[in-house]
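# Observations on the model geometry
Here is what each chain is made of, one letter per residue.
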Amino acid sequence: MNIEARVGVVLEGGQRALNSASTHGGIMDAGARKFLQQHNNKRGQQHSQPGTVQQLLAGGIAGAFSKTCTAPMARLTILFQVQGMHSDVTSLSKASIWQEASRVINEEGFRAFWKGNLVTIAHRLPYSSLSFYAYERYKSFLQPVFGVENHRVNGTADVAVHFIGGGMAGITAASATYPLDLVRTRIAAQRNTMYYRGIWHAFHTICREEGFLGLYKGLGATLLGVGPSIAISFSAYESFRSFWHSKRPNDSTVMVSLACGSLSGIASSTATFPLDLVRRRMQLEGAGGRARVYTSGLFGTFANIIRTEGFRGMYRGILPEYYKVVPSVGIVFMTYETLKMLLSLIPAS
């Protein structure tokens, strides 16, 4: 679930734990942001602090770059997730990641790994902008409610502000930019037959054939996963980081943040993957003129998949999802920091 949704995004998985507030509204505040603040303090007054626009731009570019680098695994995840949707489950081949990747190359060409990536990139900036803006607004509203002063940590209340504010920001951004996420899934799930020839053609075709609400299929599963995703990412990141520091207090803060972010991303992906799979399948309902498969709503879809494919069917595609977590976290973290440093040289208007 890319709250990015997840968020992008996912949240895409581990990225949720380390990305800036521009992606999930503050998950990084408790851990990695402390490192960034320490890092900025060490630099002294060499560079001015980047303004909101610079942070937003850095977060958006970092997210887009990370998703571009990990797009092959993201597409393989989607292809595995939708297996069994229009096929007899008993006839499905037990293809490995390598076999499916080879099929994509042989049948569609190497560039097919990036199907739908342009929509993903187009999704990043508005999603980042909305979540960043919404998080700041929600935080400003929640701080006096919980008695938290600006720039001052107040234990549990401060955590509650970050958690609730991040969740509300994630819901706001995911709802507003959801049609782009749906279009991305439709394009990425296409194999040899190109029913949707591009972003605008997909929008036009979906609205014409399924109505405007067709752009919001699966939104319920997305919003249902926002809270658990942020809760697991936040708590797992803090738990892993605290445990690591208690055992190895002298380790590099950067490496600890990367490792703990990856682990929390894996934990979050594991817990929320069934919701992500259901979301993908509901997004593909009626795609390409096909008949609907799941007609009994969100929970009916869960029951249908478990009944026809077993509990393991809820985790189709989890391996490529795992494989993209570590590089995704590393790329986002390093790209964001590099861009923020460069953009801080530009005076904020």
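Higher on the page you've got the structure.
Residues numbered from 1 in each chain as written. Predicted model: local features only at pLDDT ≥ 70, side-chain atom pairs only at ≥ 80, totals over all residues. Heavy atoms only, no water.

### With respect to helix α7 (residues 117–146)
Which entries qualify depends on this criterion: The secondary structure listing takes helices from DSSP runs of H or I that are at least 4 residues long and strands from runs of E that are at least 2 residues long, numbered from the N terminus. What a helix should span is 1.5 Å times the count of its residues minus one. Given a residue, its bend is the angle between the two axes fitted to the seven residues that end at it and to the seven that start from it.
With 30 residues, α7 extends 40 Å from end C-alpha to end C-alpha; this agrees with the ideal 44 Å at 1.5 Å per step. Taking the largest bend as the criterion, α7 deviates by roughly 25°, centred on Arg 124, and proline Pro 126 comes between one and four positions later. Of the residues one or two after α7, Gly 147 is the one with positive phi, at around 70°.

### Brief notes about the packing of helix α11 (residues 253–283) against helix α12 (residues 297–309)
Axes are the key here: two packed helices are described by the angle between their axes and the distance separating the axes. This is how the line gets drawn: Helix axes are fitted only over the stretch in contact, all axes being lines through C-alpha atoms; the angle between N-to-C directions runs from 0 to 180 degrees. Roughly parallel covers angles under 35 degrees, roughly antiparallel covers those over 145, roughly perpendicular covers 65 to 115, and oblique covers all other angles. Here, residues are in contact when the closest pair of their heavy atoms is within 4.5 Å. Note that Gly is not counted as nonpolar here; it falls among the polar residues with everything else outside the nonpolar set of Ala, Val, Leu, Ile, Met, Phe, Trp, Tyr, Cys and Pro and the charged set of Asp, Glu, Lys and Arg.
Two elements in contact, α11 and α12, have axes whose closest approach is 10 Å; the angle formed by their N-to-C orientations is 105°. By the criterion of interaxial angle, the relationship of α11 to α12 is roughly perpendicular. Judged by residue contacts, Pro 274, Leu 275, Leu 277, Val 278, Arg 281 and Met 282 of α11 engage Gly 297, Leu 298, Thr 301, Phe 302, Ile 305 and Glu 309 from α12. The residue makeup of the contact of α11 with α12, split by class, is eight nonpolar, two polar and two charged.

### Some remarks on the nonpolar core
Note the cut-off: Each nonpolar core is a collection of buried residues, namely Ala, Val, Leu, Ile, Met, Phe, Trp, Tyr and Cys, held together in the definition by side-chain atoms within 4.5 Å. Residue exposure (1.4 Å probe, protein chains only): buried if accessible area is under 20% of the type maximum, exposed if over 50%, otherwise partly exposed. Each domain's limits were defined by an automated method or a database of domain assignments.
Among the nonpolar cores identified, the biggest contains 32 residues, and Val 183 and Val 278 are the most heavily contacted of them. For this core, the elements supplying multiple residues, two or more each, are α8 (155–189), α9 (199–210), α10 (219–247), α11 and α12. Broken down by element, this core gets its largest block of residues, seven residues, from α8. Structurally, this core is a two-domain feature, drawing no fewer than three residues from each of domain 1 (52–115 + 218–284 + 293–348) and domain 2 (119–216). Setting aside anything within four residues of it in sequence, one finds Val 183 in contact with Val 119, Ile 199, Ala 202, Phe 203 and Ile 206. With eight residues, the next largest nonpolar core counts Leu 79, Val 104, Ala 112 and Phe 113 among its residues.

### A look at the pattern of salt bridges
What counts here: The rule for a salt bridge is simple: a side-chain nitrogen of Lys or Arg has to be within 4 Å of a carboxyl oxygen of Asp or Glu.
Counted according to the given criterion, the structure contains 18 salt bridges. A salt bridge links Glu 210 to Arg 186; the nearest nitrogen and oxygen atoms lie 2.8 Å apart. With a gap of 24 residues between them, Glu 210 in helix α9 and Arg 186 in helix α8 connect regions that are remote in the sequence. Both residues of the pair, Glu 210 and Arg 186, belong to the buried class. Several salt bridges converge on common partners, so that one network encompasses Arg 75, Glu 100, Arg 103, Glu 107, Glu 108 and Lys 115.

### Digging into the packing of aromatic side chains
Quick reminder of the rule: Here a pair means two rings of Phe, Tyr or Trp (six-membered ring of Trp) with centres within 6.5 Å. Their orientation is stacked below 30 degrees between planes, edge-to-face above 60, and tilted elsewhere. Both a distance and an angle decide whether a charge sits over a ring: NZ of Lys or CZ of Arg must be within 6 Å of the ring centre and within 35 degrees of the ring normal.
Per the stated rule, a full pass over the model turns up nine aromatic pairs. Each ring, one from Trp 200 and one from Phe 203, has its centre 5.9 Å from the other, and the planes form 35°; the classification is tilted. In this pair, Trp 200 and Phe 203 both sit in helix α9, three residues apart, roughly one turn of the helix. Overall, the relative accessible area of 15% leaves Phe 203 in the buried class. Over the aromatic face of Tyr 133 sits the side chain of Arg 137, whose NZ or CZ is 5.0 Å from the ring centroid.

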